[in-house]
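The primary structure of each chain is shown beneath.
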Amino acid sequence: MMDNRMEYLLQVAHECILNSEYAIDTYIEEENISNKLYVSLQFMNQAFQCAKQFQNQYYLIRESKGPNYLVEQFYHQFLFVNQEYLDSLKTDHSLQETHSEFKKLEDFYNELRSSIE
């Protein structure tokens, strides 16, 4: 059975996944360039805030339970997705690579969820 802190950690990770996905999908699918950029960046900002919350919660858990490699992988993969996303916007490239890295983030989330539940 999962304790409340780990349950909260998974909830925050899930919010991070959802907001990242919304950011990528909005940028790919939105026709209006100003809406595309503004809304997409807002979603990625929300995802980044969730990732920071995730990191803070993990540090609290780590003090009592020790390090968790899957949690750390998830967080570092999110940072990589975030940087890839921003680099793609900055250089006006498609988000194809960002989307590919996002899929890896989802895989880490699924592994993490399975290991905790």
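Please refer to the structure higher up on the page.
Report follows, based on the coordinates. Note that the coordinates shown come from a computational prediction; the quantities given were computed from them, not determined experimentally. (Residues numbered from 1 in each chain as written. Predicted model: local features only at pLDDT ≥ 70, side-chain atom pairs only at ≥ 80, totals over all residues. Heavy atoms only, no water.)

### As for the state of the cysteines
Thought 1: In the structure shown here, the tally under the stated rule is zero disulfides.
Thought 2: Free cysteine Cys16: the closest other cysteine sulfur is in Cys50, separated by 6.1 Å.
Thought 3: For Cys16, a relative accessible area of 0% puts it in the buried group. (Disulfide = S-S within 2.5 Å. Buried < 20%, exposed > 50% of the residue type's maximum accessible area, 1.4 Å probe, protein only.)

### Observations concerning the packing of aromatic side chains
The geometry of an aromatic ring pair comes down to the distance between the two centres and the angle between the two planes.
Thought 1: Following the criterion strictly, the structure yields five aromatic pairs and no others.
Thought 2: With a centroid separation of 4.9 Å and an interplanar angle of 55°, the aromatic rings of Phe54 and Phe74 are classed as tilted. On the criterion of sequence distance, the pair formed by Phe54 in helix H2 (residues 33-65) and Phe74 in helix H3 (residues 69-90) is long-range, its members being 20 residues apart.
Thought 3: Seen in terms of ring centroids, Phe74 and Tyr109 are 6.4 Å apart; in terms of plane orientation they differ by 55°. Their pairing is tilted. Of this pair, Phe74 sits in helix H3 while Tyr109 sits in helix H4 (residues 96-116); the two residues are 35 residues apart in sequence, bridging distant segments of the chain.
Thought 4: Given the relative accessible area of 1%, Phe74 is considered buried.
Thought 5: Residue classification places Tyr109 among the buried residues on the basis of a relative accessible area of 9%.
Thought 6: Members of the aromatic cluster, joined through ring pairs, are Phe54, Phe74 and Tyr109. (Phe/Tyr/Trp six-rings, centres within 6.5 Å; stacked < 30°, edge-to-face > 60°. Helix = DSSP H or I, 4+ residues; strand = E, 2+ residues; numbered from the N terminus.)

### Considering H2
Each turn of an α-helix holds 3.6 residues, which means side chains three or four residues apart point in the same direction.
Thought 1: Its 33 residues place the ends of H2 46 Å apart at the C-alpha level, agreeing with the 48 Å of an ideal helix rising 1.5 Å per residue.
Thought 2: Within the sequence span of H2, burial applies to Lys36, Ser40, Met44, Ala47, Cys50, Ala51, Phe54, Gln55, Gln57, Tyr58 and Ile61.
Thought 3: Buried residues along H2 sit against helix H1 (4-29), H3 and H4.
Thought 4: Once H2 ends, the next one or two residues include Gly66, with phi positive near 85°. (Expected span 1.5 Å × (residues − 1). Contact = heavy atoms within 4.5 Å.)

### A word on a nonpolar patch on the surface
Thought 1: The grouping of Leu37, Leu41 and Leu86 at the surface amounts to a nonpolar patch, some 210 Å² of accessible area in total.
Thought 2: As for its placement among the helices and strands, Leu37 is situated in helix H2. (Patch = residues over 30% accessible without salt bridge, like charges linked within 9 Å, V, L, I, M, F, W, Y side chains within 5 Å. Areas by Shrake-Rupley, 256 points an atom, 1.4 Å probe, with all protein chains shown as cover. Salt bridge = Lys/Arg side-chain N within 4 Å of Asp/Glu carboxyl O.)

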